[in-house]
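An overview of the molecular structure
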Amino acid sequence: MTPLKIGATIGILGGGQLGRMLGLAGAQLGFDIHIFEPEPDCPAGRVAARCVTAPWDDRAALADFAAQVDVITFEFENVPLESLAFLAALKPLRPGTQSLTLTKDRLIEKQFINSLGIATAPFVAVDGPDDLRPALAALGPNGILKTRQLGYDGKGQMRVTPNADIGGLATLLADQVWIYEGLVDFEREVSVILARSLTGEIVHFDVTENVHQRGILNTSRVPAAISSDLSERAKTHAATLAVQMEHVGVMAVEFFLTRDGSLLVNEIAPRVHNSGHWTQDGCHICQFQQHMRAVAGWPLGDATRHAPAIVMTNLIGEDVNLSSDTLAQEGVFVHLYGKREARAGRKMGHINTVIDTPHK
Ligand code: AMP
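These lines cover the structure that appears in this document, whether it is placed above or below. (Residues numbered from 1 in each chain as written. Predicted model: local features only at pLDDT ≥ 70, side-chain atom pairs only at ≥ 80, totals over all residues. Heavy atoms only, no water.)

Overview of the pairing of strand E9 (residues 186-196)
Side chains on a regular strand alternate between the two faces of the sheet. Counting buried residues in E9 gives 8 out of 11 residues, a clear majority hidden from the surface. Pairing geometry for E9 and strand E10 (residues 202-204), over 3 bridges, is antiparallel. Note on E10: the bridge partner recorded for Leu 194 is His 204. Connecting E9 to the antiparallel partner E10 that follows it, the hairpin turn spans 5 residues, and Gly 200 within it adopts a positive phi of roughly 95°. (Buried < 20%, exposed > 50% of the residue type's maximum accessible area, 1.4 Å probe, protein only. Helix = DSSP H or I, 4+ residues; strand = E, 2+ residues; numbered from the N terminus. Pairing = 2+ DSSP bridges.)

Below you can see the structure in the form of structure tokens.
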């Protein structure tokens, strides 16, 4: 439980943009950062003191990585659990394997959330083609099939509509296990980002309002246009989940707010989250620094928002080629991830725009 000393080394599993921004925040606090990532030339590796490029199941590389760091964290929830357990036996892993076990499989995650009396969209397990018709009979013909594992940014999802070709859909389900989720007619999507320290202290950021397009986050706005009562309920749910997960570090809980005022949890991300990027330019301490503080066993920082209102806009694919007008615009903060190729649908960066008055 001894806090890490300045100059200690933090290892991050995963070398994408979240690892890069965690690394930069860690460096600001005086830590050295090592990255472990299977893909060469990754965004995080280019701002780190060391980057190990090896597959997740390379035990020798994992052991060598662990030997050279003081504590390990992750930016990516698809690290195989066996690799995490192997590392956790060698060095402190924060958050621990439990945070991942409870969130990496959508069925386990939703059952865990419901077991705490917190609502989700209705769902049923679909273990293969034969389960599709009973699932549609139970929840109706409007819904979404989601793979239980490895889905993100709308990947691994298939929308089901009343006139869908059920036979054709069923044949696509053979290779893996799925859940079928009833479609939620939501009014808004919001998320709560919080940090939980090694001693169990919890600090929330302001509730964020999110707009997705084709399953990918497009914008996040703060303050969210919801009542303070709803905002407190969302924060309380997120804190309950964090405590039950014994989570250490930052995590995000995404919610649907339905037209009748119910809050349904969509998913938990046991890590820093895209809908928390606004904190970099809107708060005294951002989500990345907050995570590094928690992982280091340090006290959490002041998460108060100082910007009257702020909008984060993701730069997807060619959006990264910003005009000089945008680059020079007052109140605009640019964050680019250094990815070499601007492929369609790929998150290349984001801009945070500070505005004077909250939106309606
Ligand atoms: P997910 O990857 O599950 O977070 O889904 C990405 C986005 O798809 C969500 O943020 C929603 O905008 C939409 N979505 C996912 N599940 C549902 C649902 N059951 N009902 C309505 N929209 C959904």
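Description of the packing of helix H2 (residues 59-67) against helix H3 (residues 81-88)
Relative to each other, H2 and H3 sit at 40°, their axes nearing to 10 Å. As the angle between them shows, H2 and H3 are arranged oblique. The element H2 and its partner H3 pack so that their crossing is right-handed. Here H2 contributes Arg 59, Leu 62, Ala 63 and Ala 66 to the contact with H3, which in turn contributes Glu 82, Ser 83, Phe 86 and Leu 87. Of the residues contributing to the contact of H2 with H3, the split by class is 5 nonpolar, 1 polar and 2 charged. (Axes fitted to C-alpha atoms, helices over the stretch in contact; angles between N-to-C directions. Parallel < 35°, antiparallel > 145°, perpendicular 65-115°, else oblique. Left-handed = near helix turned anticlockwise from the far one by under 90°. Contact = heavy atoms within 4.5 Å. Nonpolar A, V, L, I, M, F, W, Y, C, P; charged D, E, K, R; others polar.)

Overview of the site of the ligand
Around the ligand sit 15 residues, and of these Lys 146, Gln 157, Glu 181, Val 184 and Glu 189 come closest. In the environment of the ligand, a nitrogen atom lies 2.7 Å from a nitrogen or oxygen atom belonging to the side chain of Glu 181. Between the ligand and Glu 267, the relevant distance is 3.0 Å, taken from an oxygen atom to a side-chain nitrogen or oxygen of the residue. In isolation the ligand offers 480 Å² of accessible surface; the protein chains occlude 91% of this area. Elements supplying a minimum of two residues to the shell around the ligand: strand E6 (143-147), strand E8 (178-182), E9 and strand E14 (263-269). For the shell around the ligand, the per-class residue count stands at 5 nonpolar, 5 polar and 5 charged. (Near = heavy atom within 4 Å. Polar contact = N/O pair within 3.5 Å; in protein donor to acceptor, adjacent residues only side chain to side chain. Areas by Shrake-Rupley, 256 points an atom, 1.4 Å probe, with all protein chains shown as cover.)

What to know about the sheet that holds E8
Strand order in this open sheet of 4 strands is E5-E8-E6-E7, and the pairing throughout is antiparallel. Both edges of this open sheet fall to strand E5 (123-126) and strand E7 (157-160), since each of them pairs with a single strand only. This sheet shows a mean twist of 25° between the axes of neighbouring strands, independent of strand direction.

With respect to the pattern of salt bridges
Per the counting criterion, the structure on display carries 15 salt bridges. Between Glu 267 and Arg 106 there is a salt bridge; the shortest N-O distance is 3.0 Å. Taken together, the positions of Glu 267 in strand E14 and Arg 106 in helix H5 (residues 106-115) put the pair 161 residues apart, joining distant regions of the chain. Judged by its relative accessible area of 7%, Arg 106 is buried. Here Arg 188 and Glu 187 are joined by a salt bridge, their closest N and O atoms 3.4 Å apart. The exposure class of Arg 188 is partly exposed, given its relative accessible area of 23%. For Glu 187, a relative accessible area of 40% translates into the label partly exposed. A single salt-bridge network, built from bridges that share partners, covers Asp 41, Arg 46 and Arg 340. (Salt bridge = Lys/Arg side-chain N within 4 Å of Asp/Glu carboxyl O.)

Comments concerning helix H8 (residues 228-245)
One turn of the α-helix equals 3.6 residues, which is why residues spaced by three or four share an orientation. Across its 18 residues, H8 extends 26 Å between first and last C-alpha, which sits within 8% of the 26 Å expected from 1.5 Å per residue. Looking at H8, one finds that the buried residues are Leu 230, Ser 231, Ala 234, Lys 235, Ala 238, Ala 239, Leu 241, Ala 242 and Met 245. Buried residues along H8 sit against helix H4 (97-101), H5, E9, E10, strand E13 (249-258) and E14. Positive phi shows up at Glu 246, right after H8, with a value of about 55°. (Expected span 1.5 Å × (residues − 1).)

Re a nonpolar patch on the surface
Together, Leu 327, Val 334 and Leu 336 line one region of the surface with nonpolar side chains, adding up to about 240 Å² of accessible area. Take Leu 336: it is sitting in strand E16 (residues 332-336). (Patch = residues over 30% accessible without salt bridge, like charges linked within 9 Å, V, L, I, M, F, W, Y side chains within 5 Å.)

Quick word on the state of the cysteines
Two cysteines joined by a covalent bond between their sulfur atoms form a disulfide. Applying the stated criterion across every chain yields a total of 0 disulfides. Not engaged in a disulfide, the cysteine Cys 286 finds its nearest cysteine sulfur in Cys 283; these two sulfurs lie 8.4 Å apart. In this structure Cys 286 comes out as buried when scored by relative accessible area, which is 14%. (Disulfide = S-S within 2.5 Å.)

A few points about the environment of Val 311
On the secondary structure map, Val 311 appears in strand E15 (residues 309-316). A relative accessible area of 11% places Val 311 in the buried class. Excluding residues that lie within four positions of it along the chain, Val 311 makes contacts with Thr 219, Ser 220, Arg 221, Ile 351, Asn 352, Thr 353 and Ile 355.

Structural notes on the sheet that holds strand E2 (residues 32-36)
Ordered in space as E3-E2-E1-E4, the 4 strands form an open sheet in which the pairing is parallel. Taken across any chain shown, the strands that pair with only one partner, and hence form the sheet edges, are strand E3 (50-52) and strand E4 (71-74). Strand-to-strand twist in this sheet, taken as the mean axis angle between neighbours without regard to direction, amounts to 25°. Judged from the 5 bridges that link them, strand E1 (residues 9-13) and E2 form a sheet pairing that is parallel. Bridge pairing in E2 places Ile 10 opposite Ile 33.

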